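A look at the structure
So the chains spell out like this:
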Amino acid sequence: MKNVFNFSAGPAMLPAEVMAQAQSEFVNWQNSGTSVMEVSHRGSNFIEVAKQAETDLRELLAVPDDYHVLFMHGGGRGQFAAVPLNLSRADEKSLHIVSGSWSKGAVEEAHKYNNAQVIGDVAVKDGLTYIACPDASDIDQQAAYLHFCPNETVDGVAYDWLPESGRVPLVADLSSTILSQPLDVSRYGVIYAGAQKNIGPSGLSVAIVRKDLAGKARSVTPSIFDYGLLAESDSMYNTPPTFSWYLAGLVFKWLKEQGGVEAMAAKNAEKAALLYQAIDTSEFYRNTIHPDCRSKMNVPFQLADDNLDAVFLRESEAAGLMALKGHRSVGGMRASIYNAMPVEGVKTLVAFMSEFERKYG
Ligand SMILES: *Cc1c(COP(=O)(O)O)cnc(C)c1O
């Protein structure tokens, strides 16, 4: 097999060890003569896998007991609808910080279901993209919730502050940053993540829901999106995405073996520092995000001459560096360096970039 480093933004690469294990038990899981994909979700073997995945995720993120951990269908965008349908009435306000294309998508979806309002937007500071923390006084205490996305996968924008929202529950889309660093779950009302960046295969989403916020869904809420119903049924109201759930479980186990989210945070910081340093010390590459708001997971960069984009992509791919094309709305390049990307992958990319600059810069 060709040895590559895959910088895809999502679905993204999964840990090599996890893929090898899944392959080894693909057709003969637990010596049963079947695949995990081919057994009932209500059988004791699968229930064991499902429970262990939840236990490991709870341990990794130190999820307090007053939170449900739900394994759901519908990916990240499914939650764009599930959140308003569970947490708000049609005449209530939801507040939104729009920091890039995913949080914009979330407010557009929320508009269908409640009185969604934008309280923070993308700004410019020193000529660079910047996201400011909203003032506590701008947060309407009557609002049903405040939604934000602290790592914008497309734009490569991130921030590490949490809004001071008073009694208004914080709802965070952590699709591209969950499990990449420690977080204090007790500060949030709902945390959700589509799985395909840092957890497992696409289609699955994980929602961590404070218990008092579940069980209040509107009567029209699709049952499969009803947090209360999902919690009551251990996320098995209908057939869950079993294979994805199993694979997520393998990823959680791998994360524990790696030393958990603290160890991941150190490794992720190292990778991001290597890449941003390479960009910042070059005359040829640039990143237009303010240093305080740079993502450690998704690193967009532009070439001095965009006529060279196609050459860069062709040559990087030939060198085994895959999926570096930036999102069509941003252009240029983007390297996504989630948990599964080894430091060696980033070092190889940096060496390639330097050589490319020498040749064409
Ligand atoms: C990928 C992504 C989504 C969308 O996930 P889907 O599973 O495609 O619906 C939402 N939010 C963020 C931050 C993402 O990175």
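Being a predicted model, the structure only gives us computed values, none of them experimental. (Residues numbered from 1 in each chain as written. Predicted model: local features only at pLDDT ≥ 70, side-chain atom pairs only at ≥ 80, totals over all residues. Heavy atoms only, no water.)

1. Focus on the side chain of lysine 271
Put simply, the rule is: Put simply, DSSP marks the helices as runs of H or I at least four residues long and the strands as runs of E at least two long, and each gets a number from the N terminus on. Only protein chains enter the area calculation, which uses a 1.4 Å probe; residues under 20% of their type maximum are buried, those over 50% are exposed, and those in between are partly exposed. Just so you know, the count uses Lys and Arg for positive and Asp and Glu for negative, and it drops His and the chain ends. Criterion for a salt bridge: a side-chain nitrogen of Lys or Arg within 4 Å of a carboxyl oxygen of Asp or Glu. Pairs of N or O atoms are called polar contacts if they sit within 3.5 Å, as long as, within protein, a hydrogen donor faces a hydrogen acceptor (for residues adjacent in sequence, only side-chain-to-side-chain pairs). Only heavy atoms enter the contact rule, under which two residues are in contact if any of them lie within 4.5 Å.
Looking at the secondary structure, you find lysine 271 in helix 7 (residues 260-280). It turns out lysine 271 is buried and unbridged, and the closest side chain with the opposite charge, glutamate 270, is 8.8 Å from it. A polar contact of 2.9 Å, which involves the side chain of lysine 271, links it to the backbone oxygen of methionine 341. Residue contacts for lysine 271: discarding those within four places in its chain leaves Ile337, Tyr338, Asn339, Met341, Pro342, Val343 and Val346.

2. Focus on the packing of helix 8 (residues 309-318) against helix 9 (residues 343-360)
Relative placement of two packed helices is described by the angle separating their axes and the distance separating the axes. Put simply, the rule is: Lines fitted to C-alpha atoms define the axes, with helix axes restricted to the stretch in contact, and inter-axis angles between N-to-C directions lie between 0 and 180 degrees. Comment on the angle field: the value is read as roughly parallel under 35 degrees, roughly antiparallel over 145, roughly perpendicular from 65 to 115, and oblique elsewhere. We call a crossing left-handed when the near helix sits turned anticlockwise from the far one by less than a right angle, and right-handed when that turn is clockwise. In the scheme used here, Gly and all other residues not listed as nonpolar or charged are polar, with Ala, Val, Leu, Ile, Met, Phe, Trp, Tyr, Cys and Pro taken as nonpolar and Asp, Glu, Lys and Arg as charged.
Closest axis-to-axis distance for the helix 8/helix 9 pair is 11 Å, and the angle between their directions is 135 degrees. As far as their axial angle goes, helix 9 and helix 8 are oblique. The two elements helix 8 and helix 9 meet at a crossing, and its hand is right-handed. Of the residues in helix 9, those touching helix 8 at Val311, Phe312, Glu315 and Ser316 are Phe352, Met353, Phe356, Lys359 and Tyr360. Along the lines of polarity and charge, the residues of the contact of helix 8 with helix 9 split into six nonpolar, one polar and two charged.

3. Concerning helix 8
Within helix 8 the residues assigned to the buried category are Asp309, Val311, Phe312, Leu313 and Ser316. The inward-facing, buried residues of helix 8 abut strand 13 (285-286), strand 14 (298-303), strand 15 (321-322), strand 16 (333-336) and helix 9. Once helix 8 ends, the next one or two residues include glycine 320, with phi positive near 85 degrees.

4. Description of the nonpolar core
Soluble globular proteins: nonpolar side chains tend toward being buried together. Keep this limit in mind: Think of a nonpolar core as a cluster: buried Ala, Val, Leu, Ile, Met, Phe, Trp, Tyr and Cys residues, connected wherever their side-chain atoms sit within 4.5 Å. Start and end points for every domain follow an automatic or database-based domain assignment.
If you look at the biggest cluster of nonpolar residues, it comprises 57 residues, and the most contacted ones within it are Leu61, Phe71, Leu179, Ile199, Ile208, Tyr246 and Phe252. No other element matches the nine residues that helix 6 (residues 242-257) contributes to this core. In terms of domain composition, this core takes at least three residues from each of domain 1 (17-257) and domain 2 (259-360). Beyond its immediate chain neighbours, meaning those up to four positions away, phenylalanine 71 contacts Ala53, Glu54, Leu57, Leu204, Ser205, Val206, Leu230, Ser235, Trp245 and Phe252. The next biggest cluster of nonpolar side chains, apart from the first, holds 28 residues, and it includes Leu303, Ile337, Met341 and Val350.

5. Observations concerning the site of the ligand
Filter applied, for reference: Here a residue is near a molecule or strand as soon as one of its heavy atoms is found within 4 Å of it. Surface accessibility follows the Shrake-Rupley procedure with a 1.4 Å probe radius. Residue values consider only the protein chains on display as shielding.
Close contacts around the ligand come from Gly75, Gly76, Arg77, Phe80, Trp102, Cys149, Thr153, Asp173, Ser175, Ser176, Gln196 and Lys197, and that covers them all. Between the ligand and the protein, one listed contact pairs an oxygen atom with a side-chain N or O atom of lysine 197 at 2.7 Å. For the ligand, the protein covers 87% of the area, taking 390 Å² as the surface of the free molecule. Ranked by residue count, the leading element in the shell around the ligand is helix 3 (residues 75-87), at four residues.

6. Thoughts on the pattern of salt bridges
Taken as a whole and assessed by the stated rule, the structure comprises 13 salt bridges. Between glutamate 92 and arginine 89 there is a salt bridge, with its nearest N and O atoms 3.9 Å apart. For the salt bridge of aspartate 280 with arginine 294, the shortest nitrogen-to-oxygen distance reads 2.9 Å. One end of the pair, aspartate 280, is in helix 7; the other, arginine 294, is in the loop between strand 13 and strand 14, and 14 residues separate them in sequence. Overlapping salt bridges, with partners in common, bring together Asp56, Glu59 and Lys256 in one network.

Just geometry here; none of it tells us what the structure is for.
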